[in-house]
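Structural characterization, general
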Amino acid sequence: MAKKQTGGTPATVALTRAGIDFTLRPYEHDPRAESYGLEAAAALGVAPERVFKTLLADLDGQLVVGVVPVTGQLDLKALARALGGSRAAMADPSAAERATGYVVGGISPIGQRKRHRTVVDESALTHDRVLVSGGRRGLDIELAPADLLAITDAVTARIGR
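Attention here is on the structure that accompanies the text. Sequence positions are assigned chain by chain, starting from 1 and proceeding in written order. Only residues with pLDDT of at least 70 are given local features in this predicted model, and only at 80 or more are side-chain atom pairs given and counted; all residues enter the totals for whole chains, interfaces and linings. Derived side-chain values reflect all non-hydrogen atoms in the structure, with water molecules and hydrogen atoms excluded from consideration.

**Overview of unusual backbone geometry**
With a phi angle near 50°, Asp60 is a residue other than glycine that sits in the positive phi range. Secondary structure is summarised from DSSP: a helix means a run of H or I of at least four residues, a strand means a run of E of at least two, and numbering begins at the N terminus for each. Inspection of the secondary structure assignment puts Asp60 in the loop between strand S2 (52–59) and strand S3 (62–69). Classification of Asp60 as partly exposed rests on a relative accessible area of 44%. Of note in the backbone geometry, Asp153 takes a positive phi value of approximately 55° without being a glycine. Note that Asp153 resides in the loop between helix H5 (145–152) and strand S8 (155–157). Here's how the labels work: a residue is buried when its accessible area is under 20% of the maximum for its type, exposed when over 50%, partly exposed in between, all with a 1.4 Å probe on protein chains only.

Quick look at the structure:
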């Protein structure tokens, strides 16, 4: 059963409403950190391959979401192929913030202001549980990959490199 939240983020509210089991994993965020995801992995003592970052891209004029391990990068050509598009480019950070309702470094794939087509890197399926941003810097959510796919209505593909 999902944990009860008080003063949660849109991500935690969405998970609670959906009845999805998740664990909040807060940590002390250092604003000087060069990589939010690697910082989270180190602070939480988890393998970095289990921590995923949420990136927004412009695919043929529409914003889409790519969720990839923090140990790699988003392959924009693979993202475009996975969604049947022709050309993807990284979204402007301010456009990503407006579209999701989250700040860069704390963008969760869950509970975004508007639902965007989402692709989760297929490597997520090799783990029992993965971590994604909980909707603010210094807060991750741990959940089963199948639940991440369900709550975001995502497809999987090899989009990380």
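**Quick look at the sheet that holds S3**
Read across the sheet, five strands follow the order S4-S2-S3-S5-S8 without closing on themselves; strand pairing throughout is mixed. The open sheet has two edge strands, strand S4 (88–90) and S8, and neither has a second partner. On average, each strand axis in the sheet is inclined to that of its neighbour by 35°, with strand direction left out of account. Sheet analysis places S2 next to S4, joined by three bridges and oriented antiparallel. Residue Asp58 lies in a different strand from S4, and its bridge partner there is Ala89. Note on pairing: DSSP must find at least two bridges between two strands before they are called paired. Note on geometry: axes are C-alpha line fits, over the in-contact stretch for helices, and angles between N-to-C directions span 0 to 180 degrees.

**Details of helix H4 (residues 93–100)**
Buried residues of H4: Ala96, Ala99 and Thr100, and no others. Looking straight down H4, one finds its buried side chains confined to an arc of 85°; they lie on one side. Should any heavy atoms of two residues lie within 4.5 Å, those residues are counted as being in contact. In the core, the buried residues of H4 are packed alongside S2 and S3. Count one or two residues on from H4 and you reach Gly101, which has phi positive near 85°. The directions considered for the arc run from the helix axis to the C-beta atoms.

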